[in-house]
Amino acid sequence: MREREVKVWDARKLGSSLGSVSLGTSAGTLIPLLDPDSGLLVLSAKGDSVIHCFEVTTAQPFLAQVSQCLTEAPTKGIAMVPKLALDVISCEVLRVLQLTDSFIVPVSYHVPRKSGQDFHEDLYPDTLGQTPAMTAQGWWTGENKQVAKVSLHPAKRPLKRSAIPSSEGTARSGPASQPAKKDLPIAKSQEEDAAGLSSSSSSLTSPSSPGSVGQSPSTTSLSSGFVNSPSQRSLQSILGPSSKFRHAQGTVLHRDTHVTNLKGLSLTTPGECDGFCANRERVAVPLAIAGGQIAVFELSQPGRLPDTSFPTIQNTSAVADLCWDPFNACRLAVAGEDAKIRVWLVPKGGLTETLTEPERILQGHTEKIYSLKFHPLASGILASSSYDLTVRLWNLDSGKEVKLLRGHQDQIFSLAWSPDGKFLATVCKDGKMRIYDPRKSTEPTQEGPGPEGARGARVVWACAGQYLLVSGFDSRSERQIYLYAVESLASGPVASVGTDVSPSTLIPFYDEDTSTVILTGKGDTRVYIYEILQESPYFLECSHFNSSEPHKGLVFLPKTECNVPDVEFARALRLSKTSIEPVAFRVPRVKKEFFQDDLFPDTAVWWESALAASAWLSGANGQHRRISLRPKDMTPVSEAPKEAPVRKYLPSSVYLEEKTDEQKKEELLSAMVAKLGNREDPLPQDSYQGVEEDEWARYLAQIIVMGAQVVGRAFARALRQEFAASRAAAEARGSAGQQSAAASSITGMTLQEAQQILNISKLSPEEIQKNYEHLFKVNDKAVGGSFYLQSKVARAKERLDEELSIQQQNKRKEHSSQQQ
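Residues numbered from 1 in each chain as written. Predicted model: local features only at pLDDT ≥ 70, side-chain atom pairs only at ≥ 80, totals over all residues. Heavy atoms only, no water.

- As annotated in an unreviewed UniProt entry, the chain carries the name Coronin and comes from Lepisosteus oculatus.

**Let's talk about the packing of helix α10 (residues 765–778) against helix α11 (residues 787–819)**
Phase 1: Remark: α10 packs on α11, axes separated minimally by 10 Å, with the N-to-C direction vectors making an angle of 170°. Comparing the axis directions of α10 and α11 gives the class roughly antiparallel. Of the residues in α11, those touching α10 at Pro765, Ile768, Gln769, Tyr772, Leu775 and Phe776 are Gln790, Val793, Ala794, Lys797, Leu800, Asp801 and Leu804.
Phase 2: Here the residues of the contact of α10 with α11 sort into nine nonpolar, two polar and two charged. (Axes fitted to C-alpha atoms, helices over the stretch in contact; angles between N-to-C directions. Helix = DSSP H or I, 4+ residues; strand = E, 2+ residues; numbered from the N terminus. Parallel < 35°, antiparallel > 145°, perpendicular 65-115°, else oblique. Contact = heavy atoms within 4.5 Å. Nonpolar A, V, L, I, M, F, W, Y, C, P; charged D, E, K, R; others polar.)

**A short note on the sheet that holds strand β4 (residues 40–45)**
Phase 1: Spatially, β3-β4-β5-β6 is the arrangement adopted by the four strands of the open sheet, whose pairing is antiparallel. Each edge of the open sheet carries a strand with a single partner, namely β3 (30–35) and β6 (63–70). This sheet shows a mean twist of 20° between the axes of neighbouring strands, independent of strand direction.
Phase 2: Examined bridge by bridge, strand β5 (residues 50–56) and β6 share seven bridges and lie antiparallel to one another. When the sheet's bridge partners are listed, His52 is paired in β6 with Gln68. (Pairing = 2+ DSSP bridges.)

**Brief notes about empty space enclosed by the protein**
Phase 1: By the definition in use, this model includes one cavity of 30 Å³ or more.
Phase 2: Here the largest cavity defines a volume of roughly 40 Å³.
Phase 3: Along the walls of the largest cavity sit Ile507, Pro508, Phe509, Ile518, Leu519, Thr520, Leu554 and Phe556, which together make up its complete lining.
Phase 4: Sorting the residues of the lining of the largest cavity by element identifies β37 (507–511), β38 (516–520) and β42 (553–556) as the ones contributing at least two each.
Phase 5: Broken down by class, the residue content of the lining of the largest cavity amounts to seven nonpolar, one polar and no charged. (1 Å grid on protein atoms, 1.4 Å probe; cavity = no way out; pocket = protein on both sides within 12 Å on 5 of 7 lines; lining within 4 Å. Points joined across faces, edges and corners; volume = space filled by probe spheres on them.)

**Some words on the pairing of strand β18 (residues 293–298)**
Phase 1: By the criterion of burial, β18 is predominantly enclosed, with six of the six residues buried.
Phase 2: Burial of the side chains of β18 extends over both faces: Gln293, Ala295 and Phe297 are buried on one face and Ile294, Val296 and Glu298 on the other.
Phase 3: Alignment of strand β17 (residues 282–286) against β18, held across five bridges, turns out to be antiparallel. Bridge pairing in β18 places Val285 opposite Ala295.
Phase 4: Count of turn residues in the β17/β18 antiparallel hairpin: six residues, of which Gly291 carries a positive phi of about 95°.
Phase 5: Across two bridges, the pairing between β18 and strand β20 (residues 313–314) is antiparallel. Counterpart to Ile294 in the pairing with β20 is Ile313. (Buried < 20%, exposed > 50% of the residue type's maximum accessible area, 1.4 Å probe, protein only.)

**Section: the sheet that holds strand β7 (residues 77–80)**
Phase 1: With antiparallel pairing, three strands are arranged side by side in an open sheet as β7-β8-β9. Taken across any chain shown, the strands that pair with only one partner, and hence form the sheet edges, are β7 and β9 (104–110). For this sheet, the mean angle separating the axes of adjacent strands, direction not counted, is 25°.
Phase 2: Here β7 runs beside strand β8 (residues 92–99); their pairing, made up of four bridges, is antiparallel. For Met80, the partnering residue across the bridge sits in β8 and is Val96.

**Section: the packing of aromatic side chains**
Aromatic ring pairs: the centre-centre distance and the angle between the two ring planes describe each pair.
Phase 1: Per the stated rule, a full pass over the model turns up 14 aromatic pairs.
Phase 2: Ring geometry for Trp417 and Trp616: centres 5.7 Å apart, planes at 85°, overall edge-to-face. Placement of the pair is Trp417 in strand β29 (residues 412–417) and Trp616 in helix α4 (residues 613–617), with a sequence separation of 199 residues.
Phase 3: Relative accessible area serves as the criterion here: at 10%, Trp417 is assigned to the buried category.
Phase 4: Between the aromatic rings of Tyr482 and Tyr484, the centroid separation amounts to 6.5 Å while the plane-to-plane angle is 45°, which identifies the pairing as tilted. (Phe/Tyr/Trp six-rings, centres within 6.5 Å; stacked < 30°, edge-to-face > 60°.)

**Some points on the pairing of strand β22 (residues 328–336)**
Phase 1: For β22, a buried count of seven out of nine residues is recorded, marking the element as mostly surrounded by other parts of the structure.
Phase 2: Taken together, the six bridges between strand β21 (residues 319–325) and β22 define a ladder with antiparallel strand orientation. Counterpart to Cys323 in the pairing with β22 is Ala333.
Phase 3: With antiparallel pairing between neighbouring strands as the criterion, β21 and β22 make up a hairpin whose turn holds two residues.
Phase 4: When β22 meets strand β23 (residues 340–345), the two strands line up antiparallel, connected through five bridges. Paired with Leu332 across the strands is Trp344, a residue of β23.
Phase 5: The antiparallel hairpin formed by β22 and β23 contains three residues in its connecting segment, where Ala339 sits at a positive phi of about 70°.

**Observations concerning the nonpolar core**
Phase 1: Within the largest apolar cluster, 22 residues are counted, with the highest numbers of intra-cluster contacts made by Phe245, Ile518, Phe556, Phe569, Phe585 and Phe600.
Phase 2: Within the residue set of this core, elements represented by two or more residues are β39 (526–532), β42, β43 (568–575) and β44 (579–586).
Phase 3: Sorting elements by how many residues they give to this core places β43 first, with three residues.
Phase 4: Residues within four places of Phe245 in sequence aside, it is in contact with Thr514, Thr516, Glu531, Cys542, Ser543, Phe569, Val587 and Leu599. (Core = buried A, V, L, I, M, F, W, Y, C linked by side-chain atoms within 4.5 Å.)

**Structural notes on unusual backbone geometry**
Phase 1: Cis geometry marks the peptide bond from Ser536 to Pro537; its omega dihedral reads 10°.
Phase 2: Structurally, the position occupied by Pro537 is in the loop between β39 and β40 (539–541).
Phase 3: The phi torsion at Ala464 lies on the positive side, around 60°, for a residue other than glycine.
Phase 4: Take Ala464: it is sitting in the loop between β33 (458–462) and β34 (467–473).
Phase 5: For Ala464, a relative accessible area of 55% corresponds to the exposed category.
Phase 6: Of note, Val567 is a non-glycine position whose phi angle comes to about 55°, a positive value.

**Some points on the packing of helix α9 (residues 751–758) against α11**
Phase 1: Relative orientation of the contacting elements α9 and α11 amounts to 125°, with a least axis distance of 9 Å. As the angle between them shows, α9 and α11 are arranged oblique. For the pair α9 and α11, the crossing hand works out as left-handed. Taken together, the residues of α11 that come into contact with α9 (itself represented by Leu751, Glu753, Ala754, Gln755, Ile757 and Leu758) are Lys792, Val793, Ala796, Lys797, Arg799, Leu800 and Glu803. (Left-handed = near helix turned anticlockwise from the far one by under 90°.)

**Observations regarding the environment of Lys559**
Phase 1: In this fold, Lys559 is placed in the loop between β42 and β43.
Phase 2: Aside from chain neighbours lying at most four places away, what touches Lys559 is Asp511, Asp513, Thr514, Phe569, Thr603 and Leu629.

**Considerations on the pattern of salt bridges**
Phase 1: The full count for this structure, using the stated rule, is 39 salt bridges.
Phase 2: Where Arg795 meets Glu798, a salt bridge forms, and the shortest distance between an N and an O atom there is 3.8 Å. Residue Arg795 and its partner Glu798 are located together in helix α11, separated by three residues, close to a single helical turn.
Phase 3: Judged by its relative accessible area of 30%, Arg795 is partly exposed.
Phase 4: Here Glu798 falls in the buried class, since its relative accessible area comes to 15%.
Phase 5: One network of salt bridges, with partners in common, ties together Asp430, Lys432, Arg434 and Glu447. (Salt bridge = Lys/Arg side-chain N within 4 Å of Asp/Glu carboxyl O.)

So this is what it looks like as structure tokens:
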């Protein structure tokens, strides 16, 4: 099941393991560090954010988990510090160094005992010294000797001059002393980072500082609930820049829009190919059938495909890449493994018969072709890269090669046109990025270092052509996203971000309108979304989209296909093993009745050409016209009427101020009117129709007398009730009531709510402490709890402690007043 396991074996009986522990699934291999003196085993893997600690014993359960240390940054490696460097006076039994991208972080493991001048011999048996027991020649001749052990007692340890100079320039002596600080990027110790996060099944706690050994959660400050927890410090990221698309949601549309029952898809297209291609009208998908056949499906005709055969394009050669002409929805360019480019014309309405004759065949490359890219502005200009290490430009109107670009020393992973169509960027396996101005020179105008990994890469232009965004691999085969400044390509990337470890190259789609990039790889189930900025931090991570099964490719449609009223900023087609599914990427907004003009600026009409091929080749430049995506019946949200802010909660001053006599009278009068009933009820005489006048006068007199009695009694009763309520409210608004209300306002939790959380009926300090410790422990994340529940428990104890303090103060005041 690919789960990582730790097993203990008896070297004398290797038939089966004595015990094992599962640590879940992950791509990284666990790195074990074992301390033979204490039997502590530390494990972590590259890319993990957890350091596990187990105790290895010779009896059941053989592996006992001691702690789990949550780190702030992924681990790149771990190492154990020698025992002679430990601070034994503070009961430090183990120290591990964690290597991250930017820091070396020490993680200390302490036993919670009273630290002072006493040396705990039960924790520190004699350890192996640093003097060799024999020479290499002696070992080769058969000698077997043990390394002499030394004591860790500070008084018995030999003094040794340290080779690390102190900050004052003098050497520090004694292994027990802490090494002097050097100018290294060593981060703050995680002793403070994980306070309250480590769970222990024994008396060993990790990590903790000497000053906080044995500190229970109840002794921590309750003003925040935790002490320097990573979840609390992560709030700092909220204060930084945030993306409007951070809550973007990807949703697969209804099954009625799917093309289903796909069969025989080609799974052998090169890594430089997107797997399939689409435009606003149709989709082209390579098939695993002899002759390089290509299926074409009309997006206007979704549904289940027939089980029988259907018309296809007979390319006669295996498909290496394919691309629709952006300015002609019926023209499809297909690169074959025979080094030829065939241009096909699909009839309007779709294929009705098999196509065997292409419109044009482009020949010039001497080896297999990598990829194809149409010019973004000029119609009929096509760029292609090949194994012959050249990039060629073709004029489809004449069917001839017009430019030949050289300078690559190895395989060309990807190429991309700039948004204005002036430049062409490439990323190569030789580790370099190149930018060409093809109309002026056949050699690159700029070169710079590309991704270190040689497994593949993709490049797109970003931020109106000011940056190049490259997806590739680093030296450890981890997938990375790099951002290069076009003006300083030789300086390398200005920013990078790592995603995960996977064999497939991330295929980026950049949306110029929203400055977002959407990336995924063939065979992935996750789609990454980032907003690109032109200044630090450059990358703003947004919510990711996860599919239920791996996809073979993901291509995007024009912005006009998006459902703008539903705040859909991008729409893609997802190719799975048996279907083509539309995926909508939306941003959740409250006022959907308005046009979200901050998310939908005027978009470029890139499906219409701005230049002819001959004009571009002669040096002309152009740009796309822009249109608004706002529906006619929608008002921009920037022009929406402003609503007055509504305060959900009254300020604390309302609960603390004393009401005036006039306010009390108004409350009393309102309560009496409410108790007298609704004055708009039907009158009694409405039910006496048809009664004689003399009888009616007698009834009326009785009604008046009875009504006066009823009203008088109700008025008196209401008056008594309201005076009692007013007196009780005045008493409750005494000094204690004001302080209690203030405490509820400040802590954000009422006294009743705090009592319910801790299950407290009477305010007893012993019962409060007992219930708090129990609930805080059972809600630890290591045993299935959560930080949220722990924080609630801590806030409840804080509120009850405040109430106890208020009561004690009032008792002292009453006692002093009685004495006076």
